[in-house]
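Below, each chain spelled out in residue letters.
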Amino acid sequence: MSEERRREIGESEAPVEDELQESFDNTVTEGAERLHRTFRTILVTGVFGGLEVGLGVMAYLAVLHETGDHLLAGIAFSVGLIALYLAHSELFTENFLMPVAAVVAKEGSLKQLGKLWGGTLLANLAGGWVFMWIVMQAFPQWEPTVAESAKHFTDAPFSLQTVALAILGGSTITLMSRMQQGTSSDPAKIVATVIGGFLLAGLQLFHSILDSLLIFGAMQSGAGISYLEWLVWFAYTLLFNMVGGLVLVTALRLVRTKELLAERRREAPRDPDASRGNG
């Protein structure tokens, strides 16, 4: 189909499907809003993000302790991602598609992206650590369950399998964000969130934030895992989460919407930091 014909049959003048343009606009707008937040706001929303993911980990451990079934526990974990979505908090790995698209569209800067990523990551971990301490004090009977869950990650040797699990972890959460931006229906967004939570936790994919909370809980309950062991695991998991989210989902999505990106870049102010304030 020619570009001219596509323009004729679509409601918009863009050379892509109308739904794709709406999704693209939502993605860039949301990404720009995140990039232009103040550092204080980034930290606060990041801490709340860690607390809300911790809520999902608590649900995950409760079901896993009672049933021993990781797939059922994965469905329970989606409670945390639903809370994250409804409370408009931040999870580090959700900040791949939308903010990067905004930077490419010149709606924000690399400096702002670095501030968003760094602040959200540290705040997620801090909020999650505190929440898991409270959980382990409240439910000491879960200690064997959390220890076994944590050691699944920290005892895993660095291999092609663990790299693939981390790549899938990053791509799954980013694709979940993409699905949420592809619809204006809240029930549909929640369905996408449940799918993401089920795949992440139910299949025990390697995810830098989610699994760190399990490891924190195990360390706090005396499972014999050191912070150095966690850090080694965390470093390569974070790297390959980013590869999965940025390469498998974000880059391909940017290629798919290159015409719309070119149009937004032409319309964008020359100094993206000055367009909405430096924050």
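Below, the structure is looked at part by part. None of these values were measured; they are calculated from a predicted model. (Residues numbered from 1 in each chain as written. Predicted model: local features only at pLDDT ≥ 70, side-chain atom pairs only at ≥ 80, totals over all residues. Heavy atoms only, no water.)

A closer look at the overall build of the protein
At step 1: A count of helical and extended segments in the protein gives 13 helices and zero strands.
At step 2: Ordered by position from N to C terminus, the α and β elements of the protein give α-α-α-α-α-α-α-α-α-α-α-α-α.
At step 3: Looking at the protein residue by residue over its 279 residues, the buried ones come to 52%.
At step 4: For the protein, contacts bridging at least 24 residues in sequence account for 81% of all contacts bridging at least 6.
At step 5: Within the structure as shown, the protein displays about 12600 Å² of accessible surface, and the carbon and sulfur contribution to it stands at 63%. (Helix = DSSP H or I, 4+ residues; strand = E, 2+ residues; numbered from the N terminus. Buried < 20%, exposed > 50% of the residue type's maximum accessible area, 1.4 Å probe, protein only. Contact = heavy atoms within 4.5 Å. Areas by Shrake-Rupley, 256 points an atom, 1.4 Å probe, with all protein chains shown as cover.)

Digging into the pattern of salt bridges
At step 1: Following the criterion strictly, the structure yields five salt bridges and no others.
At step 2: Taking the shortest distance from any N to any O, the salt bridge between Arg34 and Glu90 comes out at 3.3 Å. A residue pair is termed long-range when its members are at least 10 positions apart, and Arg34 in helix H2 (residues 18-35) and Glu90 in the loop between helix H4 (70-86) and helix H5 (97-104) qualify at 56 residues. In this structure, Arg34 and Glu90 share a single accessibility class: buried.
At step 3: What emerges from the salt-bridge pattern is a single network uniting Glu30, Glu33, Arg34, Arg37 and Glu90. (Salt bridge = Lys/Arg side-chain N within 4 Å of Asp/Glu carboxyl O.)

With respect to a nonpolar patch on the surface
At step 1: A cluster of nonpolar side chains, contributed by Trp129, Val130, Trp133, Ile134 and Tyr227, occupies part of the molecular surface with about 500 Å² of accessible area.
At step 2: Examining the composition of the nonpolar patch, we find that four residues originate from one element, helix H6 (residues 110-138), more than from any other.
At step 3: Among the structural elements, Trp129 can be located in helix H6.
At step 4: Overall, Trp129 belongs to the partly exposed group, its relative accessible area being 33%. (Patch = residues over 30% accessible without salt bridge, like charges linked within 9 Å, V, L, I, M, F, W, Y side chains within 5 Å.)

Side note on the layout of surface pockets
At step 1: The space that makes up the largest pocket amounts to roughly 260 Å³.
At step 2: Residue lining of the largest pocket: 15 residues in total, with Glu30, Arg34, Tyr85, His88 and Gln181 positioned closest to the centre.
At step 3: Residue assignment for the lining of the largest pocket shows that the elements contributing at least two residues are H2, H4 and helix H8 (160-181).
At step 4: Looking at the lining of the largest pocket residue by residue, the classes come out as three nonpolar, five polar and seven charged. (1 Å grid on protein atoms, 1.4 Å probe; cavity = no way out; pocket = protein on both sides within 12 Å on 5 of 7 lines; lining within 4 Å. Points joined across faces, edges and corners; volume = space filled by probe spheres on them. Nonpolar A, V, L, I, M, F, W, Y, C, P; charged D, E, K, R; others polar.)

Details of the environment of Met219
At step 1: Tracing the chain through its elements places Met219 in helix H10 (residues 210-220).
At step 2: On the basis of relative accessible area, Met219 is assigned to the buried category, the value being 13%.

Some remarks on helix H9 (residues 186-202)
At step 1: Taking 1.5 Å of rise per residue, the 17 residues of H9 would be expected to cover 24 Å, and the 23 Å separating its terminal C-alpha atoms lies within 8% of that figure.
At step 2: All of the buried residues in H9 are Lys189, Ala192, Thr193, Gly196, Gly197, Leu200, Ala201 and Gly202.
At step 3: The inward-facing, buried residues of H9 abut helix H3 (39-67), H4, H8 and H10. (Expected span 1.5 Å × (residues − 1).)

Quick word on empty space enclosed by the protein
Rolled over the atoms, a probe with the dimensions of a water molecule shows which regions are left empty.
At step 1: Taken as a whole and assessed by the stated rule, the structure comprises three cavities of 30 Å³ or more.
At step 2: When its volume is computed, the largest cavity comes out at roughly 80 Å³.
At step 3: Around the largest cavity, the lining residues are Ser23, Phe24, Thr27, Val28, Leu97, Ala101, Arg178, Arg253, Leu254 and Thr257.
At step 4: Contributing elements (two or more residues each) for the lining of the largest cavity: H2, H5 and helix H11 (227-256).
At step 5: The residue makeup of the lining of the largest cavity, split by class, is five nonpolar, three polar and two charged.

Regarding unusual backbone geometry
At step 1: The phi angle at His88 is positive, at roughly 55 degrees, despite the residue not being glycine.
At step 2: Looking at His88, the relative accessible area reads 59%, which means it is exposed.
At step 3: One non-glycine residue, Gln204, lies in positive phi territory at about 55 degrees.
At step 4: Position of Gln204 among the secondary structure elements: in the loop between H9 and H10.
At step 5: For Gln204, a relative accessible area of 16% corresponds to the buried category.

Observations concerning the packing of H3 against H10
At step 1: Relative orientation of the contacting elements H3 and H10 amounts to 65 degrees, with a least axis distance of 10 Å. Regarding the angle of H3 to H10, the classification is roughly perpendicular. When you trace H3 past H10, the crossing you get is right-handed. For the pair formed by H3 and H10, the contact residues are Gly50, Val53, Gly54, Val57, Tyr60 and Leu61 on the first element and Leu210, Leu213 and Leu214 on the second. (Axes fitted to C-alpha atoms, helices over the stretch in contact; angles between N-to-C directions. Parallel < 35°, antiparallel > 145°, perpendicular 65-115°, else oblique. Left-handed = near helix turned anticlockwise from the far one by under 90°.)

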